[in-house]
Amino acid sequence: MAIIGVLIKYPVLISGQSSLTISEIKSLFFQVISLGLIINVILFFFFINRDQEQTAKGILVSSLVILIIGVINKFLL
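Note that the structure is predicted; figures quoted are calculated from it, not measured.

**Description of the overall build of the chain**
Next up, step 1: Scanning the chain from N- to C-terminus turns up 4 helices and 0 strands.
Next up, step 2: Secondary structure elements of the chain occur, N-terminal to C-terminal, as α-α-α-α.
Next up, step 3: Within the chain, contacts between residues separated by at least 24 positions form 52% of all contacts whose residues are at least 6 apart in sequence.
Next up, step 4: Element-wise, carbon and sulfur atoms account for 72% of the exposed surface of the chain, whose accessible area totals about 5600 Å².

And the structure:
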């Protein structure tokens, strides 16, 4: 969901035709990823309540990977 949010909300980030600075792009990217992670949390609890643990585990693992990549991109690069 986070990746789809980036593609839909900020296509200018993907095209590279932007007058934004690197720090502004990182900030926007982190904001969109954060919103996508909120949606993933909602999906996680939805699948837990429907007794689909394997799907919920997959959503949790993918959310953690996206979160780690976002934090590394925001603070370390």
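**Quick word on the confidence of the model for the chain**
Next up, step 1: Per-residue confidence for the chain gives a mean pLDDT of 81; residues scoring 70 or more make up 77%.
Next up, step 2: Mean pLDDT across the elements of the chain bottoms out in helix H2 (residues 11-15) (62) and peaks in helix H4 (residues 53-76) (89).

**Focus on a nonpolar patch on the surface**
Next up, step 1: Residues Leu60, Leu64, Leu67, Ile68, Val71, Ile72, Phe75, Leu76 and Leu77 make up a contiguous nonpolar surface patch of about 880 Å² in total accessible area.
Next up, step 2: Following the sequence through the fold, phenylalanine 75 ends up in helix H4.

**A word on H4**
Next up, step 1: The first and last C-alpha atoms of H4 sit 33 Å apart over 24 residues, in line with the 34 Å expected at 1.5 Å per residue.
Next up, step 2: Of the residues making up H4, those classed as buried are Ala56, Ile59, Ser63, Ile66, Gly70 and Asn73.

**Description of the packing of helix H3 (residues 22-49) against H4**
Next up, step 1: Two elements in contact, H3 and H4, have axes whose closest approach is 9 Å; the angle formed by their N-to-C orientations is 165°. Relative to H4, the element H3 lies roughly antiparallel. For the pair H3 and H4, the crossing hand works out as left-handed. For the pair formed by H3 and H4, the contact residues are Lys26, Ser27, Phe29, Phe30, Ile33, Leu37, Asn40, Leu43, Phe44, Phe47 and Ile48 on the first element and Thr55, Ala56, Ile59, Leu60, Ser63, Ile66, Leu67, Gly70, Val71, Asn73 and Lys74 on the second.
Next up, step 2: Taken together, the residues of the contact of H3 with H4 break down into 14 nonpolar, 6 polar and 2 charged.

Basis of the calculations
- Residues numbered from 1 in each chain as written.
- Predicted model: local features only at pLDDT ≥ 70, side-chain atom pairs only at ≥ 80, totals over all residues.
- Heavy atoms only, no water.
- Helix = DSSP H or I, 4+ residues; strand = E, 2+ residues; numbered from the N terminus.
- Contact = heavy atoms within 4.5 Å.
- Areas by Shrake-Rupley, 256 points an atom, 1.4 Å probe, with all protein chains shown as cover.
- pLDDT = per-residue confidence, 0-100.
- Patch = residues over 30% accessible without salt bridge, like charges linked within 9 Å, V, L, I, M, F, W, Y side chains within 5 Å.
- Salt bridge = Lys/Arg side-chain N within 4 Å of Asp/Glu carboxyl O.
- Expected span 1.5 Å × (residues − 1).
- Buried < 20%, exposed > 50% of the residue type's maximum accessible area, 1.4 Å probe, protein only.
- Axes fitted to C-alpha atoms, helices over the stretch in contact; angles between N-to-C directions.
- Parallel < 35°, antiparallel > 145°, perpendicular 65-115°, else oblique.
- Left-handed = near helix turned anticlockwise from the far one by under 90°.
- Nonpolar A, V, L, I, M, F, W, Y, C, P; charged D, E, K, R; others polar.

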